[in-house]
Amino acid sequence: MPTCKVNGTTCEFQPGDSILKVAWMNGVEIPHYCFHPSLSIPASCRICLVEVWAPNPRKDGKLEAIPKLLPACQTPATDGSAIFSDSPKAVANQRAVMEYLLINHPVDCPVCDQAGECYLQDYSFEYGSGESRFEEEKIKQPKKDVGPHILLYSDRCIMCTRCVRFTREISETSELCVVDRGSGEQIDVFPGLALDNPIASNVIDICPVGALLDKEFLFQQRVWFLKQTPSIDGITASGDNLFIEHNQGRIHRLKPRPNEEVNKWWISDEVRYGWEFVHSEDRLRFPLKEQLGSSVETNFPIAYELIDRGFTEIRREEGRLALLVSPMLTCEEAHLLADYIKGHDADAIVGVGPVPIEGEDQLFAEGKRGEFLVCAEKCPNKRGVQRVLGAHFEEVLDFDAFVEKVTDKKTNVAGALLTGNYPSQWVTKELKKALTKKFIVLLDTLASDLSGAANVVLPSATWAEKSGTFENHAGRLQAFEQAILPIEHSKGEGQLLEDLINLAEGLNAEMPGKPRIYNPARIRQVMADTLGLSEFVTEVHMPMLGAAVESDMELVEL
Ligand code: SF4
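Figured I'd write up the structure that's included with this text. What you see is a predicted model, and the numbers here were worked out from it, not measured in a lab. (Residues numbered from 1 in each chain as written. Predicted model: local features only at pLDDT ≥ 70, side-chain atom pairs only at ≥ 80, totals over all residues. Heavy atoms only, no water.)

Quick notes on the pairing of strand 23 (residues 456-459)
Taking every second residue as pointing to the same face, both faces of strand 23 are buried, with V456 and L458 on one and V457 and P459 on the other. Both strand 15 (residues 288-291) and strand 23 contribute to a ladder of two bridges, which runs antiparallel. Bridge pairing links K289 to V456 in strand 23. Here four bridges tie strand 22 (residues 439-444) to strand 23, and the two strands are oriented parallel to one another. Note on strand 23: the bridge partner recorded for V441 is V456. (Buried < 20%, exposed > 50% of the residue type's maximum accessible area, 1.4 Å probe, protein only. Helix = DSSP H or I, 4+ residues; strand = E, 2+ residues; numbered from the N terminus. Pairing = 2+ DSSP bridges.)

Below you can see the structure in the form of structure tokens.
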């Protein structure tokens, strides 16, 4: 394998790799703004210029300096060369570029949302100079409302053109362009065309400075207060890897977690802004029970007792039970639901909840490195739920067949355990009709017609408030972490089921067997051992975490 030296570090590389890639793969940082791995390479920001010494074949391979600095993002590494981003010439260029970029920059970090995650700040600290020689008036550029979710603060823009290239090469919608020239140059939308496409807000993430801003996040939080939890898209079948960023139990934004095998560097706007139902006023917060025809608040021990007694009585009178498992739930929760209902009725009628489909799948940048799919299927785990239920039961019905069978008097269904957890209303008229005069237990997150009609309602948790595994549209099993605590008295379906199983098995906190606490890793192992679903141990992709970033600033005691 060819090798070269970058700042004295010997680096192996594949022929054709750029100097920037070789350095990055070997842990050597070369500053860059306009380069992004999924986009074309204009080599325009010039901060990545490096000094290259290459072997001269006419002089027995003696190393000779190439007279001009070369852009590391665009220049392939060559065998035997020596590359310097820390030589006096390269450093002088970095300082010059930083000075140039800051000439007209407002340096308004104290009020900029990007402060704390801004490459202009970081590189200014690392490669810039502590003072400005510029005494003239700064050119002021306008603030622009460029799309439903995005603001452009033009005076912070460094003209890297990442955003323009994203709309040309990835979303292929070309809403953005460069207008004017010289110091008047700026980014703009084409007249009458808003920056509004299903993946538009990714430009906010790839903007290296605070020029493109998220309207929803504007002035909400300083980024250093946010905690990042690795998660998976919880509202569509894409399985996009993302970070939930939260502070004090509230989600503030979702960001893509780069994964070249799934979502590359992107998430759709629908996923990015689809978390708001987590903090909805309509969330169910307490267990409810039916009392004299209306729904009243109760506590968990009474609710669990009512459920257990209700199902036991139905079975004593030879009625059948039905179980509806939502495709919004995790694989582990599907297993616990199946386990619990089998404990009451081994022949229960089992179905998968409604699978919302909106339009058709949309593939962006087909065949390119940044290729990205927006799924039409608006639930995260239909395949995983089907996989688990299929290992428990001979027949797993789709939603329409489930409703039909529950409606059919011959099946003698007298009680049903239903799960929802959709971000919007999901209960159909047909389902409500099918459940008339039956004993209904509902585990759900949002209040609905059914929560008012159910005999017992248990408030459950959204995907951000629990952990587990989803299987995406391509059959990839991915685990995710709990980001925030469940709202008020709600609990994840997994814990609700563990509580019900504890009650059925007579376990309580005073007993040596101890009640079981929901633990997705243990349940995956149980599924592998008892159902033969070994893929839940061998094939689950766990979130890859970057090393924690240590501050290089000195702490000052006040
Ligand atoms: S708005 Fe951001 S991404 Fe677009 S050119 Fe300016 S600095 Fe680059």
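Having put the structure on the table, let's press on.
Let's talk about the packing of aromatic side chains
One pass over the full model with this rule turns up 12 aromatic pairs. Here F311 and F439 contribute two aromatic rings whose centre-to-centre distance is 5.6 Å and whose plane-to-plane angle is 85°, an arrangement assigned as edge-to-face. Of this pair, F311 sits in helix 7 (residues 300-316) while F439 sits in strand 22, and the two are 128 residues apart along the sequence. One exposure class covers both F311 and F439, and it is buried. Geometrically, the ring pair formed by F470 and F480 is tilted, given 4.6 Å between the ring centres and 35° between the ring planes. One end of the pair, F470, is in strand 24 (residues 468-471); the other, F480, is in strand 25 (residues 477-480), with 10 residues separating them in the sequence. You'll find F470 and F480 in the same group, each marked buried. Ring-pair connections join several aromatic residues into one group, and the members of that group are Y33, Y119, Y123 and Y127. The ring of F217 carries R253 above its face, with NZ or CZ at 4.5 Å from the centroid. Above the plane of the ring of F300 lies K491, whose end atom (NZ or CZ) is 4.3 Å from the centre. (Phe/Tyr/Trp six-rings, centres within 6.5 Å; stacked < 30°, edge-to-face > 60°. Lys NZ or Arg CZ within 6 Å of the ring centre and 35° of its normal.)

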